Amino acid sequence: MSILSILDINITNKILFIRSDLNVPINSEGNIISDIRIRLSLPTIKYAISKGAKIIITSHLGRPIEGVYNHIFSLKKISQYLENILNYKISLKKNLLNNLNFKKNEIIMLENVRFNIGEKHNDKELSKKYASLCDIFVMDAFATAHRKHSSTYGIIKYANISCAGLLLINELNNLNKIFKKPKHPIVSIVGGSKISTKFNVLNKLAKLSDKIIVGGGIANTFLAIDNNIGKSLYEPKSLNLAKKLKEKYNNFIIPIDCKVGISFSKNTSVKTKKINNILSNDRIMDIGKNTIKIIIDILNKAKTILWNGPLGVFEFTKFSEGTKIIAYTIANSNAFSIAGGGDTLAAIELFNLFNKISYISTGGGSFLNFVEGKKLPSISILKKYNSINIINSDNIKK
Ligand code: 3PG
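Numbering of residues begins from 1 in every chain and follows the order in which that chain's sequence is written. Residues qualify for local features only when their pLDDT is at least 70, as the model is predicted, and side-chain atom pairs are given and counted only at 80 or more; totals for whole chains, interfaces and linings, by contrast, use all residues. The basis for the side-chain values is all heavy atoms of the structure; hydrogens and waters are excluded.

Participant: Is there a simple way to explain the sheet that holds strand β9 (residues 252–253) in this structure?
Facilitator: Sheet strands associate in pairs through backbone hydrogen bonding, adopting either a parallel or an antiparallel arrangement. The sheet built from six strands is open, its strands ordered β9-β8-β7-β13-β14-β15 with parallel pairing. Single-partner strands in this sheet number two, and they are β9 and β15 (359–361). Here, strands pair whenever DSSP counts at least two bridges between them. Put simply, DSSP marks the helices as runs of H or I at least four residues long and the strands as runs of E at least two long, and each gets a number from the N terminus on. Pairing geometry for strand β8 (residues 211–214) and β9, over two bridges, is parallel. From the neighbouring strand, I212 faces β9, where its bridge partner is F252.

Participant: Even after reading the chapter, I still don't get the site of the ligand, so can you show me in this structure?
Facilitator: One heavy atom within 4 Å of a molecule or strand is enough for the residue carrying it to be called near that molecule or strand. Residues in contact with the ligand, as listed here, are D21, N23, R37, H60, R63, R114, A143, R147 and G365. By the criterion applied in these results, polar contacts are pairs of N or O atoms within 3.5 Å in which, for protein atoms, one can donate a hydrogen and the other can accept it, and in which residues neighboring in sequence qualify only through two side-chain atoms. Here H60 contributes a side-chain N or O atom positioned 3.0 Å from an oxygen atom of the ligand. Interatomic distance of 2.8 Å between a side-chain N/O atom of R114 and an oxygen atom of the ligand. Look at the ligand: alone it shows 310 Å² of surface, and the protein chains cover 85% of it. Classes in brief: Ala, Val, Leu, Ile, Met, Phe, Trp, Tyr, Cys and Pro nonpolar; Asp, Glu, Lys and Arg charged; the others, Gly included, polar. Looking at the shell around the ligand residue by residue, the class counts come to one nonpolar, three polar and five charged. Accessible surface area values rest on a Shrake-Rupley calculation with a 1.4 Å probe, where residue burial reflects the displayed protein chains alone.

Participant: Whenever I open this one, the state of the cysteines confuses me. Can you help?
Facilitator: What we call a disulfide is simply a covalent bond connecting the sulfur atoms of a pair of cysteines. What counts as a disulfide here is a pair of cysteine sulfur atoms lying within 2.5 Å. Summed over all chains, the structure comprises zero disulfides. No disulfide involves C134; its sulfur sits 9.8 Å from the nearest other cysteine sulfur, which is in C163. Relative accessible area serves as the criterion here: at 0%, C163 is assigned to the buried category. Type-normalised accessible area, obtained with a 1.4 Å probe on protein chains alone, sets the label of each residue: buried when under 20%, exposed when over 50%, and partly exposed for intermediate values.

Participant: How should the packing of aromatic side chains be read in this particular structure?
Facilitator: Working definition: a ring pair exists when centres of Phe, Tyr or Trp rings (six-membered ring for Trp) sit within 6.5 Å. Plane angles under 30 degrees give stacked, over 60 give edge-to-face, the rest tilted. Counted under the stated rule, the structure contains seven aromatic pairs. Consider the rings of F17 and Y130, whose centres lie 5.6 Å apart with planes at 55 degrees: the pair is tilted. Taken together, the positions of F17 in strand β1 (residues 15–19) and Y130 in helix α3 (residues 124–132) put the pair 113 residues apart, joining distant regions of the chain. No difference in accessibility class separates F17 from Y130, as the two residues are buried. Here the aromatic rings of F264 and F316 are separated by 5.2 Å at their centres, their planes lie at 55 degrees, and the arrangement is tilted. Here F316 lies in the loop between β13 (304–308) and α10 (321–332) and F264 lies in the loop between β10 (257–261) and β11 (271–274), a separation of 52 residues in the sequence. Residue classification places F264 among the exposed positions, given a relative accessible area of 53%.

Participant: Where do I start with the sheet that holds strand β2 (residues 54–58) in this structure?
Facilitator: Judged by pairing direction, the sheet is parallel, and its six strands sit side by side in the order β3-β4-β2-β1-β5-β6 without closing on themselves. With one partner strand each, in any of the chains shown, β3 (89–93) and β6 (161–164) form the two edges of the open sheet. Taken over all neighbouring pairs, the strand axes of this sheet differ in orientation by 25 degrees on average, direction set aside. The sheet contact formed by β2 and strand β4 (residues 106–110) spans two bridges and is parallel. When the bridges of β4 are listed, I56 appears paired with I108. Two residues qualify as a contact provided that any one of their heavy atoms is within 4.5 Å of a heavy atom in the partner residue. The convention used is that axes are lines fitted to C-alpha atoms, helices contributing only their stretch in contact, and that angles between N-to-C directions extend from 0 to 180 degrees. Of the strands in this sheet, β1, β5 (136–139) and β6 are in contact with helix α4 (residues 150–158), which crosses β5 at around 145 degrees.

Participant: Is there a simple way to think about the side chain of N308 in this case?
Facilitator: With respect to the element layout, N308 can be found in strand β13. N308 sits in the buried class, given a relative accessible area of 4%. Reaching out from N308, the side chain makes a polar contact with the backbone oxygen of G340 at a distance of 2.9 Å. Contact partners of N308, with chain neighbours within four places excluded, come to I189, V190, G191, K198, G340, G341, T344, F367 and L368.

And the structure:
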């Protein structure tokens, strides 16, 4: 069953509630470090403006405590950022008011949905409240489509019409394309520091891929099966799983050398070592030259590349080489390449390769859930309620 798109609906003069994922990294000085999610959310907003819709937009930001306003998680920065890009006034509302007053050339932004009590529990009353604010709900937050929350799930039950925004449609089209008929050889790269969430996806990827390259904390967990990895980041509780995966599939590419430091700091001294020479004070923070050579060779033969997670601590220049060279190799490859996950996108931005990857997904957890073959709750409920919408509504373009 396909999903109703914003393009299928008459939105002129209608009140639209757009749920985007504007959850971008913000540093301690309050600056947005990567604006990819904001930029990729723009097509839906611009389309709605061009059609003369009255726009309410909202998102979550971080993980605040429900019911407690905390300026660190306020969407203020995001609203200012959007104002500059769109050249439109964005009026940020702290409370969910009933009669929103739409002024010309103004968009209403509702504060971080996660300040609202009940958001994360998909509270029925809150979902109804959101729905009551609009004529049409537009789900555009692919990166939050795996969350069954009031603003990503419950609202769809109660809104007069719900549809998908342009970013969501684009994500689903591209991800379906790669997973329906991917061209072989398929090479997956899974790295990063969020180890446990990614172990679930390794089984699925090992089956799908011709080669599966591991980096970061994931690689360290594989290495820890039969090596001393000193003080390196790894996950003891995933050791058994790593062992089973390594025994079951013979397509895992695990580092043979690495760069180590002795503290987690950009100023620590660096040494390149073979894996069997790691000392108890060493921390693995990047892959070594011989591993890089092996990976380049594999990537150069690939027809499809799927990348989630950096191969080292790329934020520290001394340990960025592995991730950087691999990112450039992917960017210069003729393979269809797809990258997803917050850290991966940050690395792609840092190395200025945004336009060189075939497809960039805004999803982190949702991307991994999709790869695992799990159903995304927002997508399932959109499909369910779309057919009801189509039968009951005069607003659908027929
Ligand atoms: C993400 O960053 O992956 C999404 O914005 C979802 O955020 P969450 O993991 O806090 O739900």
